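Breakdown of the fold
These are the residues of each chain, in order.
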Amino acid sequence: MTISNPQTMYEKLWQTHLVEAADGETPLLYVDRHLIHEVTSPQAFANLRFHNRPVRHPERTIATMDHNISTRSIKIDAAGEGAANQLRALAINCKDFGIELFDMGHKNQGIAHVIGPELGLTLPGTIIVCGDSHTATHGAFGALAFGIGTSEVEHVFATQTLRQNKAKTMKIEVKGQVGAGISAKDIILAIIGKTGSAGATGYVVEYCGEAIEALSMEERMTVCNMSIEFGAKAGLIAPDQITFDYVEGKEYSPKGDVFEQAVVDWKNLKSDTDASFDAVITLEAKDIKAQVTWGTNPGQVISVDGAVPSPDDFSDPVEKDSCISALNYMGLTAGTKMTEIHVNKVFIGSCTNSRIEDLRAAAGVVQQYQGQQVVDTVEAIIVPGSYRVKEQAESEGLDKIFTDAGFQWRLPGCSMCLGMNDDVLDEGDRCASTSNRNFEGRQGRGSRTHLVSPEMAAAAAITGHFVDLNA
Amino acid sequence: MEKFNTHTGLVVPLDIANVDTDQIIPKQFLQKTERVGFGVHLFHDSRYLDHAGTQENPDFIINKAEYKDASILLAGENFGCGSSREHAPWALQEYGFKVIIASSFADIFYGNCINVGLLPIKLSEAEVEQLFKLSADAKLTLKVDLPNNVITCGELSFKFSLNEFQQYSLVNGVDSVGWTLNKLDTIKAFEAKMPAWQ
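Fair warning: this is a prediction, and the values are worked out from it, not measured in the lab.

About the cut-offs
Residues numbered from 1 in each chain as written. Chains lettered and ligands numbered in written order. Predicted model: local features only at pLDDT ≥ 70, side-chain atom pairs only at ≥ 80, totals over all residues. Heavy atoms only, no water. Domains from an automatic or database assignment. Contact = heavy atoms within 4.5 Å. Buried area = accessible area lost by both parts, 1.4 Å probe. Salt bridge = Lys/Arg side-chain N within 4 Å of Asp/Glu carboxyl O. Polar contact = N/O pair within 3.5 Å; in protein donor to acceptor, adjacent residues only side chain to side chain. Helix = DSSP H or I, 4+ residues; strand = E, 2+ residues; numbered from the N terminus. Nonpolar A, V, L, I, M, F, W, Y, C, P; charged D, E, K, R; others polar. Axes fitted to C-alpha atoms, helices over the stretch in contact; angles between N-to-C directions. Parallel < 35°, antiparallel > 145°, perpendicular 65-115°, else oblique. Left-handed = near helix turned anticlockwise from the far one by under 90°. UniProt positions renumbered as here; feature names shortened; annotations may be inferred. Pairing = 2+ DSSP bridges.

**Things to note about the domain arrangement of chain A**
Reports often express the size of an interface as the amount of accessible area lost when the parts come together. Residue and element names in this part refer to chain A. Segmentation of chain A into domains returns domain 1 (9–163), domain 2 (168–238 + 264–287) and domain 3 (291–463). When each unit is reduced to the centre of its C-alpha atoms, the spacing between domain 1 and domain 3 is 28 Å. With 28 residues of domain 1 at the interface, the matching set in domain 3 holds 24 residues. Summing the contributions of domain 1 and of domain 3, the shared interface buries around 2,100 Å²; its carbon and sulfur component is 57%. By the criterion of area lost to domain 3, the three top residues of domain 1 are Thr71, Ile111 and His134, representing 30% of everything that side buries. At the boundary of domain 1 and domain 3, one finds one salt bridge. Arg72 serves as the salt-bridge partner of Asp422, at 3.8 Å between the closest nitrogen and oxygen. Linking domain 1 to domain 3 there are 12 residue pairs in polar contact (both at pLDDT 80 or more). Element by element, the count of residues in the side of domain 1 that touches domain 3 is highest for helix H4 (residues 112–119), at five residues. When the residues that make up the side of domain 1 that touches domain 3 are grouped by side-chain class, the tally is nine nonpolar, 15 polar and four charged.

In structure tokens, the structure reads:
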């Protein structure tokens, strides 16, 4: 009898996708699903044409228009000529190479990382790639999912494989249960606050513990989505009954006996009990409070009941310098209470927080303010992650709750998360944003971003400042 | 991809940690369907005083006359964090950089650099610190020898390493897609054994 070594989920995913590990070559992994969009694919298609190479598995490839589309109109040129050129190029490329495309106004259109899961394109036990760093989102299903560059997009097109060095493994355990009103966004921001913005560089992270197991699929997606924001190659959560129930019956998910067999296989994915990780980090869920970023990377984050830190709070010289430049860019003074920071823009959306549960949570907070309007110093937009999310929200009357309170209800897309369309902040604007990056200039040159949960963003829209909703 | 053998060039020190891809090439310049036209927008928000990019920021180190011909970027830790946009290495390369040296890089960015033939070199924090000091004292020229994995500067030398295949690919200018397409039979054999749901 042979006893196999205990394996982590990552090692199992690696092993089941290893096509070849030839001497002197980087291992070759099989890619099950390739999501593409208009911004990072055109140069890859151009190279295919140059070499006269086909897309090997167009049926494993799905395209959506998301990054630079307008949220006010479904017209392809509504966000400018540059955007329109890329969108038209995507349509032509998909037609020429036989790839299914969810184009402007299609019922399945939306942000790649929102539509993958909701259509059943995202399955446990698979490798999923996309020319976008937030591909880690799909790790919520126990899929190894990560962002790739355009040269790699081309490699996947032509071969359905990718060369990857094996990453180190990190286990992040969140013990116990979070308090009332604490969202998945608060959990992941608290994790990044603890590790720092490069704390998991070189690692694939597995999130586990009671607080993670208790999350819905959409909440798990929010957690995994931001894995890249502390440097991780990918984030994983072990699939369980919550996962299987979510996947079952989706448009593209396996049906009947094939689904039954899949579930049998998926149940074996979780890390073995004695599997060892290269690093382990533990958090107590009860200590996690509502989070707001104060700086210019997602690791510069603090509880809403705290105050803007001072450079003197950091002993590490690099962190100290980063704090000085962040405070300068953000126009903040050390010691200012987070609840005293006023915003003039609010963005609820992005692949982090634009799903139906996010919109319900935000609408719930709006309702708590009983008829109060978005304060007149604030402009607040809500951008659902997909047409399906939009339709669902409208069927529940959430759009009405928002518009009655003075929020703008927009069309789906990536929107102000990166501001590639016309949803851009002006210089000096301060935004409460449910997105994933607070980098300098991310939402517009000279603009200031505070990353928060949908609940916090909704409260900031009504009151004009951050609020400790659990106080 | 062009072969990378040795390169001798002037170093420009950019002593900032966590330089992200939005800083390297802001999103408004990603709306192209070609691989060219990004160099002029490299570090746009720091490099130009105005949004249109007509007025150079004289305080930004890369704009200083003595560094105009720099081809080696000495960078702070966690260089290239953020998005997967390959436009970042394209912009660096088109501007004229051949080599980037840092104590750490973000994973996706690092891989993207290799794939476009821009050499990312990881040195220890102490070595990077030493290079920053040297470049602060005087203009610093380094010779980067990829086949022998060594950087030299007069008497000084710094060893570095790359993954074996990445090194081979850069030195030989390997067409990585063509390389893998030679293995199509192996890939097909793998596909034949995949479960139905996959």
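Resuming the write-up.
**Focus: the packing of helix H12 (residues 356–368) of chain A against helix H13 (residues 387–395) of chain A**
Residues and elements named next belong to chain A. At a minimum axis distance of 9 Å, the contact between H12 and H13 shows a crossing angle of 40 degrees. Classed by the angle they form, the pair H12 and H13 counts as oblique. Handedness of the H12/H13 crossing: right-handed. Between H12, through Ile356, Leu359 and Arg360, and H13, the contact on the second element is made entirely by Val389, Gln392 and Ala393. Among the residues making up the contact of H12 with H13, the classes are represented as four nonpolar, one polar and one charged.

**Some points on the interface of chain B and chain A**
With 57 residues of chain B in contact, the opposing surface of chain A contributes 74 residues. When the two sides are added together, the surface that chain B and chain A hide from each other amounts to roughly 5,000 Å², 53% of it contributed by carbon and sulfur. When the buried area of chain B at its contact with chain A is split by residue, B:Lys27, B:Gln31 and B:Trp197 rank highest and sum to 17% of it. Counting the contacts that link chain B with chain A gives seven salt bridges. In this structure, the salt-bridge partner of B:Asp22 is A:Arg442, at a minimum N-O distance of 3.0 Å. The tally of links between chain B and chain A comes to 34 residue pairs in polar contact (both at pLDDT 80 or more).

**Focus: the UniProt feature "domain: Aconitase A/isopropylmalate dehydratase small subunit swivel" (unreviewed entry) in chain B**
UniProt feature "domain: Aconitase A/isopropylmalate dehydratase small subunit swivel" (unreviewed entry): in the numbering of this structure it lies at residues 1–125 of chain B. End-to-end, the C-alpha atoms of residues 1–125 of chain B are 30 Å apart, and along that stretch the chain is 22% helix and 17% strand.

**Overview of the sheet that holds strand E8 (residues 161–163) of chain A**
Two pairing modes exist for strands in a sheet, parallel and antiparallel, and in both the strands are linked by backbone hydrogen bonds. Residue and element names in this part refer to chain A. One open sheet holds the three strands; their spatial order is E1-E2-E8, and the pairing between them is antiparallel. Bordering the open sheet on either side are strand E1 (18–20) and E8, each of which pairs with just one other strand. Strand-to-strand twist of the sheet, defined as the mean angle between neighbouring strand axes without regard to direction, takes the value 40 degrees. Pairing between E1 and strand E2 (residues 28–30): two bridges, direction antiparallel. Directly across from Glu20, in E2, lies its bridge partner Leu28.

**Notes on the pairing of strand E5 (residues 141–145) of chain B**
Residues and elements named next belong to chain B. Note that strand E1 (residues 6–14) and E5 share five bridges and pair antiparallel. Its bridge partner being in E5, Leu10 is matched across the sheet by Thr141. Two elements, E5 and strand E6 (residues 150–153), share three bridges in a ladder whose sense is antiparallel. Bridge assignment links Val144 to a residue of E6, and that residue is Ile151.

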